[in-house]
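Below, each chain spelled out in residue letters.
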Amino acid sequence: MPESTAGTRSPGTRPVSGPSVFVTTRWTVVLSAQGNTTPAGRAAMETLCRTYWQPIYAYLRRHGHSPHDSEDLAQGFFAQLLRLEAVATVHPDKGRFRSFLLGSLGHYLADERDRTMAQKRGAGRVFVMDTATAESIHATCPELTPERAFDRQWALTLLDQVHERLRQEQVSTGKAAQFEALRFGLAGNRSEVPYRDLAVQLGMSEGAVKVAVHRLRQRYREVLREAVADTVAAGADVEQELRHLLEALVGN
């Protein structure tokens, strides 16, 4: 697990090199679209919804909703968010996307208690949900409360996103094989393969392999910090959100 102090880049900045996926500001773009339905704001919100629907699904399942009803509720909730109506009420001081999602879901569920799910089934889908994967995740850690399940899945989803961003970045620079061989170091783990064997495999010196592992781990921390910065409105919230992410993964 990367340390929360990783990287020295300002939380509000993005790298200027690499694939275009790394240059997209997300939650800040949504907040800037308050009261409007700008293409940038709508696209940013759709990206966030697609990326972070699993924490919402986990929360709904822990609240006792069936898989089918959880999917329907999640679809209806995200359809409402994509209209950007709820965003108009967000205050910058409460600009964590994680907090915004959970708070908005609570309001949505309160409104839905007076409606029947049958009215929502068959309506247009916002996007396809991989509920089979979500159900397999739901089966783990059954003791978690809905809030804890949401936070844990939020953290796992964010780390998966960071891993994929870094993988794409390495592939784009011709280091796909090196990334696959050295990614054990992202979480600070020791290699099961001796460094001298990795050096032979990659056509590098043993010292160069050690340097590459260190740089890859450092870049992972930077990308993690950038991903967290995408989900908060103020740069000062990044450190606090990183701590929350770590607590969600290791807490009981």
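J.: How would you explain the environment of Val87 if you had to name every residue and give the values?
T.: Following the sequence through the fold, Val87 ends up in the loop between α4 (67-81) and α5 (97-112). Note: C-alpha distance between Val87 and Met45 (42 residues apart in sequence) is 9.6 Å.

J.: Just give me the short version of the side chain of Thr157, but keep the residues and values in it.
T.: Assignment of secondary structure puts Thr157 in helix α7 (residues 146-172). The class for Thr157 is buried, based on a relative accessible area of 10%. The contacts of Thr157, once residues within four sequence positions are left out, are Thr51, Tyr52, Gln54 and Pro55.

J.: Hey, could you go over the nonpolar core for me, with residue numbers and the actual values?
T.: One finds Trp27, Met45, Ile56, Phe78, Phe97, Leu101 and Leu182 to be the most contacted residues of the largest nonpolar core, which totals 56 residues. Here this core gets 10 residues from one element, more than from any other, and that element is helix α10 (residues 206-229).

J.: For the packing of α7 against helix α11 (residues 237-250), give the residues involved together with the corresponding values.
T.: The N-to-C vectors of α7 and α11 enclose an angle of 110 degrees; their axes lie 8 Å apart at closest approach. Overall, the two elements α7 and α11 adopt an arrangement that is roughly perpendicular. The interaxial crossing formed by α7 with α11 has left-handed handedness. The residues of α11 that touch α7, namely those facing Arg148, Asp151, Arg152, Trp154, Ala155, Leu156, Leu158 and Leu159, are Glu241, His244, Leu245, Glu247, Ala248 and Leu249.

J.: I'd love a proper account of the side chain of Gln54, names of residues and values included.
T.: If you trace the backbone, Gln54 turns up in helix α3 (residues 53-62). Within polar-contact distance, the side chain of Gln54 engages the side chain of Gln153 at 3.0 Å.

J.: Summarise the pattern of salt bridges; cite the residues concerned and give the values.
T.: Evaluated as defined, the whole model comprises 11 salt bridges. Across the salt bridge formed by Glu241 and Arg98, the nearest N and O atoms sit 2.6 Å from each other. Taken together, the residues Glu241 in helix α11 and Arg98 in helix α5 connect sequence positions 143 residues apart. For the pair formed by Glu241 and Arg98, the shared burial category is buried. Here Glu164 makes a salt bridge to Arg167, at a shortest N to O gap of 2.7 Å. Linking Glu164 with Arg167, this pair stays in helix α7, spanning 3 residues, or about one helical turn. The exposure class of Glu164 is partly exposed, given its relative accessible area of 30%. Each of the salt bridges in this network shares a partner with another, and the network as a whole consists of Arg96, Arg98, Asp237 and Glu241.

Conventions adopted
Residues numbered from 1 in each chain as written. Predicted model: local features only at pLDDT ≥ 70, side-chain atom pairs only at ≥ 80, totals over all residues. Heavy atoms only, no water. Helix = DSSP H or I, 4+ residues; strand = E, 2+ residues; numbered from the N terminus. Buried < 20%, exposed > 50% of the residue type's maximum accessible area, 1.4 Å probe, protein only. Contact = heavy atoms within 4.5 Å. Core = buried A, V, L, I, M, F, W, Y, C linked by side-chain atoms within 4.5 Å. Axes fitted to C-alpha atoms, helices over the stretch in contact; angles between N-to-C directions. Parallel < 35°, antiparallel > 145°, perpendicular 65-115°, else oblique. Left-handed = near helix turned anticlockwise from the far one by under 90°. Polar contact = N/O pair within 3.5 Å; in protein donor to acceptor, adjacent residues only side chain to side chain. Salt bridge = Lys/Arg side-chain N within 4 Å of Asp/Glu carboxyl O.

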